[in-house]
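Residues per chain, in single letters:
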Amino acid sequence: MLSRVVVIVSVVVAAALAGHQLVPAFGGFTPVMESLLPWAGLLVPVLLLGAALARSTVAAVAALVPGLVWALMFGSIMFRRPPGGPSDLAVGTVNVGVRNSASGEAVRQIAKDLDLLAAQELTSGGPAAKQLNKMFKYHYPVSTVGLWSRYPISQTQPLDVGMGWPRALRAVINTPKGKVTVYVMHLASARPGHTTSRDASLAQARKLIDGDSSKRILLLGDLNTATTDRGMQGLTPPLTDAQSVAGDGFGFTWPSEFPVTRPDHILFKGMTATKAGVAPATGSDHRAAIASLRL
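Residues numbered from 1 in each chain as written. Predicted model: local features only at pLDDT ≥ 70, side-chain atom pairs only at ≥ 80, totals over all residues. Heavy atoms only, no water.

Colleague: Can you lay out the sheet that holds strand β10 (residues 264-269) for me, pointing to particular residues and giving the numbers?
Modeller: Taken together, the 6 strands give an open sheet; going across it, the order is β5-β6-β7-β8-β10-β9, and neighbouring strands pair in mixed fashion. Bordering the open sheet on either side are β5 (153-159) and β9 (240-241), each of which pairs with just one other strand. In the sheet, β5 pairs with strand β6 (residues 168-175) via 5 bridges, with the strands oriented antiparallel. Each residue of the ladder has a partner; that of P158, found in β6, is L169. Strands in contact with helix α7 (residues 196-210) are β5, β7 (178-186) and β8 (217-222); relative to β7, the strand with the most contacts, it is inclined by about 170 degrees. (Pairing = 2+ DSSP bridges. Helix = DSSP H or I, 4+ residues; strand = E, 2+ residues; numbered from the N terminus. Contact = heavy atoms within 4.5 Å. Axes fitted to C-alpha atoms, helices over the stretch in contact; angles between N-to-C directions.)

Right, here's the structure in full:
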């Protein structure tokens, strides 16, 4: 009986990994679970233990199947080395936490070596904004999001990503190597069974990027989902996830105490990511995402 259970569960896990986008959304439950897909690999040792207890070679072979599927999907992430080389722009994004009284210290530590920082869940005149205004010459806040830059900011525009009020922005950064169009977004929240608003805001984000003909685009923000979510189709690509090509590991950012997923993103096109990672954010329930780019 134990052997049969291991075989059946192994087949189900392998099929769910390989064909997760074919599984019905079930009212938004499946897309949220897709953000946790990398953790499915932890089931493989459990299945192998079950096969050992059952003393079944067939069960052991079956247990290796989801392991192989997981390795094909995520294995390269574990052994990837950042391309490195020279970079022209160091960027970051962080959800500072609307109730975070230490947000000023959080952004001070994150931004000290950056050229651009995007922030979400800002409070007007709060400690994060005050600290960043001291550190950067140029800034453009919109509602609860903002962009701070060491280089001039032009062509600024507040954006509504389908939420009825501006919680995103577009701006052009004039760097010494040329212009970069930057979007900062904080999309609607999602939880199992309740993804309608997030899906609508994600669709609006895709529409904005599709309609932008800029040579270089950078999207920074809390998108409230991971790149493994089916909703990210149409956004990655055409944009590339900096962590996926230049990061060390999965780069999980939420929750900060024990991150299990990555809703915070640095997405780009027209540039090359040389390094990517995460940084602590004092008092926030998110960690910051950071990256270096070559123009």
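Colleague: Please provide a residue-by-residue account of the layout of surface pockets, values included.
Modeller: Space inside the largest pocket adds up to approximately 400 Å³. Surrounding the largest pocket, 23 residues form its lining, A190, N224, W254, T261 and P263 being those nearest its centre. Class assignment for the residues of the lining of the largest pocket results in 8 nonpolar, 8 polar and 7 charged. Counted as a void, the second largest pocket has a volume near 320 Å³. Lining the second largest pocket are 19 residues, and of these F74, I77, T227, T228 and F250 lie nearest its centre. (1 Å grid on protein atoms, 1.4 Å probe; cavity = no way out; pocket = protein on both sides within 12 Å on 5 of 7 lines; lining within 4 Å. Points joined across faces, edges and corners; volume = space filled by probe spheres on them. Nonpolar A, V, L, I, M, F, W, Y, C, P; charged D, E, K, R; others polar.)

Colleague: Give me the lowdown on a nonpolar patch on the surface, citing residues and values where you can.
Modeller: On the surface, a nonpolar cluster with roughly 600 Å² of combined accessible area is contributed by M1, L2, V5, V9, L49 and L53. Put simply, the parts of the chain that give the nonpolar patch at least two residues each are α1 (2-18) and α3 (43-54). Broken down by element, the nonpolar patch gets its largest block of residues, 3 residues, from α1. Mapped onto the fold, V9 is located in helix α1. (Patch = residues over 30% accessible without salt bridge, like charges linked within 9 Å, V, L, I, M, F, W, Y side chains within 5 Å. Areas by Shrake-Rupley, 256 points an atom, 1.4 Å probe, with all protein chains shown as cover. Salt bridge = Lys/Arg side-chain N within 4 Å of Asp/Glu carboxyl O.)

Colleague: Give a detailed account of the packing of α3 against helix α4 (residues 57-79), specifying residues and quantitative values.
Modeller: The geometry of a pair of packed helices is captured by two quantities: the angle between their axes and the separation between those axes. Relative orientation of the contacting elements α3 and α4 amounts to 175 degrees, with a least axis distance of 8 Å. In terms of orientation, α3 and α4 fall into the roughly antiparallel class. Contact residues: α3 offers V44, L47, L48 and A51, while α4 offers A59, A60, A63, L64, P66 and G67. Across the contact of α3 with α4, the residue classes break down as 9 nonpolar, 1 polar and no charged. (Parallel < 35°, antiparallel > 145°, perpendicular 65-115°, else oblique.)

Colleague: Break down the environment of Q233 for me, with residues and values.
Modeller: By secondary structure assignment, the location of Q233 is in the loop between β8 and β9. Considered as a pair, Q233 and M163 are 70 residues apart in the sequence and their alpha carbons are 20 Å apart. Among all residues touching Q233, those that are not within four sequence positions of it are Q21 and R206.

Colleague: Give me the lowdown on the pairing of β7, citing residues and values where you can.
Modeller: Taken across its 9 residues, β7 has 7 buried, putting it largely inside the fold. Pairing of β6 with β7 involves 8 bridges; the strand directions are antiparallel. The residue of β7 that forms the bridge with V172 is T181. Between β6 and β7, which pair antiparallel in sequence order, lie 2 residues. Here β7 runs beside β8; their pairing, made up of 6 bridges, is parallel. The residue bridging M185 from the neighbouring strand is G221, located in β8. In this region the chain leaves β7, passes through α7 and returns to the parallel neighbour β8; the handedness of that crossover is right-handed. (Buried < 20%, exposed > 50% of the residue type's maximum accessible area, 1.4 Å probe, protein only. Right-handed = clockwise from strand over helix to strand, strands pointing away.)

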